[in-house]
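Geometric and topological summary
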Amino acid sequence: MTKVLIIEDEPDIATAMRMLLDTDYKVEVALGGKLGLQRLAKTDAEVLLLDINMPEVSGRDILEHMRKNGIKLPVIVVTAVACADSVRNELENKYRIDGFVSKTYLTEELQKEVKRVLSKRKG
Amino acid sequence: MADKTLPVGGYGSREILETVLDNSPDGVYLHNSTGIILYTNKKIEELTGHKKEEMLGKPFLEFTKMNVLELRDVPKAALLFGGALLGRPTGPDEFYFKRPDGSRVPVEVKSFPIMVGNERLVIGAVRDLTERKYAMRLELEVAERLAEIETQKKKLADAYEGLKSLDEMKTKFVQDTAHELKTPLGVMLVAVSFLKKKDVTTDPARYEEMVDLIFRNSQRMRKTIEDTLEIYKIEKGRQYEKKATDFDEMIKAVTDQFTPIARQKGLEFGTDVPNLPEIHCDPKAMRTVVENLVENAIKYTDKGRIDVAARSDDGKISVSVKDTGIGIPEEAQKYIFGRFYRVSAGGSGAGIGLSICKHIVESHGGTIGFTSSPGKGSTFEFTLPTDHECKDVST
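Keep in mind the model is a prediction, meaning the values are calculated, not measured.

The rules we used
- All residue numbers refer to positions counted from 1 along the written sequence of the respective chain.
- Chain A is the first chain written and ligand 1 is the first ligand written, with later ones labelled in order.
- Local features in this predicted model are restricted to residues whose pLDDT is 70 or higher, and side-chain atom pairs enter the listing and the counts only when it is 80 or higher, whereas totals over whole chains, interfaces and linings include all residues.
- Side-chain calculation: all heavy atoms of the structure are included, whereas hydrogens and water are not.
- In this scheme Phe, Tyr and Trp rings, the latter by its six-membered ring, pair at centre separations within 6.5 Å, and the angle between planes marks the pair as stacked below 30 degrees, edge-to-face above 60, and tilted otherwise.
- Strands here are runs of E lasting at least two residues and helices are runs of H or I lasting at least four, both read from the DSSP assignment and numbered beginning at the N terminus.
- When accessible area is computed with a 1.4 Å probe and restricted to protein chains, residues below 20% of their type maximum are described as buried, those above 50% as exposed, and intermediate ones as partly exposed.
- pLDDT measures how confident the predictor is about each residue, on a scale from 0 to 100.
- Strand pairing is assigned whenever DSSP identifies at least 2 bridges connecting the two strands.
- Residues with no salt bridge and a relative accessible area higher than 30% make up the patches, which join like charges within 9 Å and nonpolar side chains (Val, Leu, Ile, Met, Phe, Trp, Tyr) within 5 Å.
- Each accessible area is a Shrake-Rupley estimate made with a 1.4 Å probe; only the visible protein chains count as cover when residues are assessed.
- Each reported salt bridge corresponds to a side-chain nitrogen of Lys or Arg within 4 Å of a carboxyl oxygen of Asp or Glu.

Notes on the packing of aromatic side chains
Residues and elements named next belong to chain B. Across all of its chains, the model carries four aromatic pairs over all chains by this definition. Seen from their ring centres, phenylalanine 247 and phenylalanine 382 are 6.4 Å apart, and the 65 degrees between their planes marks the pair as edge-to-face. In this pair, phenylalanine 247 is assigned in helix α8 (residues 247–264) and phenylalanine 382 in strand β12 (residues 377–385), connecting sequence segments 135 residues apart. A relative accessible area of 0% means that phenylalanine 247 is categorised as buried. Between phenylalanine 337 and phenylalanine 380, the ring centres sit 6.3 Å apart and the planes meet at 85 degrees, which makes this aromatic pair edge-to-face.

Listed below in structure tokens is the structure:
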């Protein structure tokens, strides 16, 4: 079963994401950026779902860490930021993220986006 | 050789000279070494308001008697005259000439000795300074106006900067509020979409999880909306309904409410709340303060403990909420109580509650503050005076 890693500091959002994905994927959750960094070092997940606004270690810190350390895991940013388009553009340009999902549209977008990113990778 | 300049002597020479001098833009006078005025041109008549017949043949200082000079200028005129009589060039000296019609003319007087044959005479030139003074006054006024405009411009720029920064804060506040609503809404939509599928009811544990998610997140949305409206009310001049309140009972009710939530997160929850005197306050608002502080402490603490303590001394009560959480970033510390400020570090509703707390506490004559070490934890403490009147319910 394909493995998905979620780095998200809010337990309820993490739970909602897990619920949406755990019938099709093996879901691993790291609650917050700090735990996320530890998990990244040893994960065998094939896609990362990453929150941006997190205290201490933010999603941007994680993307920076992945870039510096050459971690090639595909990343889908899951966020509720207000200016989603500009943030998306910025992250796509700077970190070449693979997907973007708004927290308001988890139900509609999350499964589709994970499927798309994984099939793109395999295809 | 024919003289092509002026006829010297004979008919015409005096008339020509007088015509030239009468058309001079400056006043011209001539007096001898004893000070007797020998000549004045038309401009002198215009500047003094006296006919030349009144002046000719009279001593120079006759001007004083004719009230042409202002009293304060007489010593200066005497010096000038003395210098001229001694054969020294004088001036430029400024005076005001008074005319018989009461008008005043600013003038500049210069004089120098000349020799005509064996006689030493003194010729003086009087320049009308009205236009120059007017121009100077105008220049001064313009400079003053410019300075005033500069000051106003600076004030306007400052006010603009203040408004711009408030506007930016409000824009960010609206964006953050939208963010605060989007997150729980997204969670609830996920849970509802699962509940819509009939098969979920066959899995009671998951069914309960969904219902819990909806309940918690709808409460979170309600809190965000209430806090946002509270900020709006504060902006419009919020009034509080104060009455005698059993404060330690209220704190205990809040700690009872939050102890299970903290324990669920694996945190120790300690309370040290003795009997406190009754406080004249708005009980609902004060409960909001304690709830906000405890809720924030739990939200930003992943391991360790929360301690709520209260004490009463010196005419006041103090309530403190201490945590071993992530602390407040140094750069955020000075904004933490700002009206439209949230600490942007994920989590829900962070910060907004603190500006409400500050307003409530200060509206009750109290103070609120904190100490925080990033990575180690924070302690928030507020104090309220106990000597508030408890008799009436005032707003």
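A closer look at the confidence of the model for chain A
Per-chain confidence: chain A averages 90 in pLDDT, with 97% of residues scoring 70 or above. When the elements of chain A are averaged for pLDDT, helix α4 (residues 84–95) of chain A gives the smallest value, 87, and strand β1 (residues 3–7) of chain A the largest, 97.

Looking at the pairing of strand β3 (residues 90–98) of chain B
Residues and elements named next belong to chain B. Two strands pair when backbone bridges link them, and β3 and strand β4 (residues 104–116) are joined in this way by seven bridges, in the antiparallel orientation. Its bridge partner lying in β4, phenylalanine 97 is registered against valine 105. In this antiparallel pair of consecutive strands, β3 and β4, the connection spans five residues, and glycine 102 shows a positive phi of 95 degrees.

Regarding the environment of B:Ala178
Residues and elements named next belong to chain B. Among the structural elements, alanine 178 can be located in helix α6 (residues 130–196). For alanine 178, a relative accessible area of 34% corresponds to the partly exposed category. Here the alpha-carbon distance between alanine 178 and threonine 224, two residues 46 residues apart in the chain, equals 9.5 Å.

Focus on a nonpolar patch on the surface
Residue and element names in this part refer to chain B. Residues Val142, Leu146 and Ile149 make up a contiguous nonpolar surface patch of about 260 Å² in total accessible area. Among the secondary structure elements, valine 142 is positioned in helix α6. Taking the relative accessible area as the measure of exposure, valine 142 reaches 45% and is therefore partly exposed.

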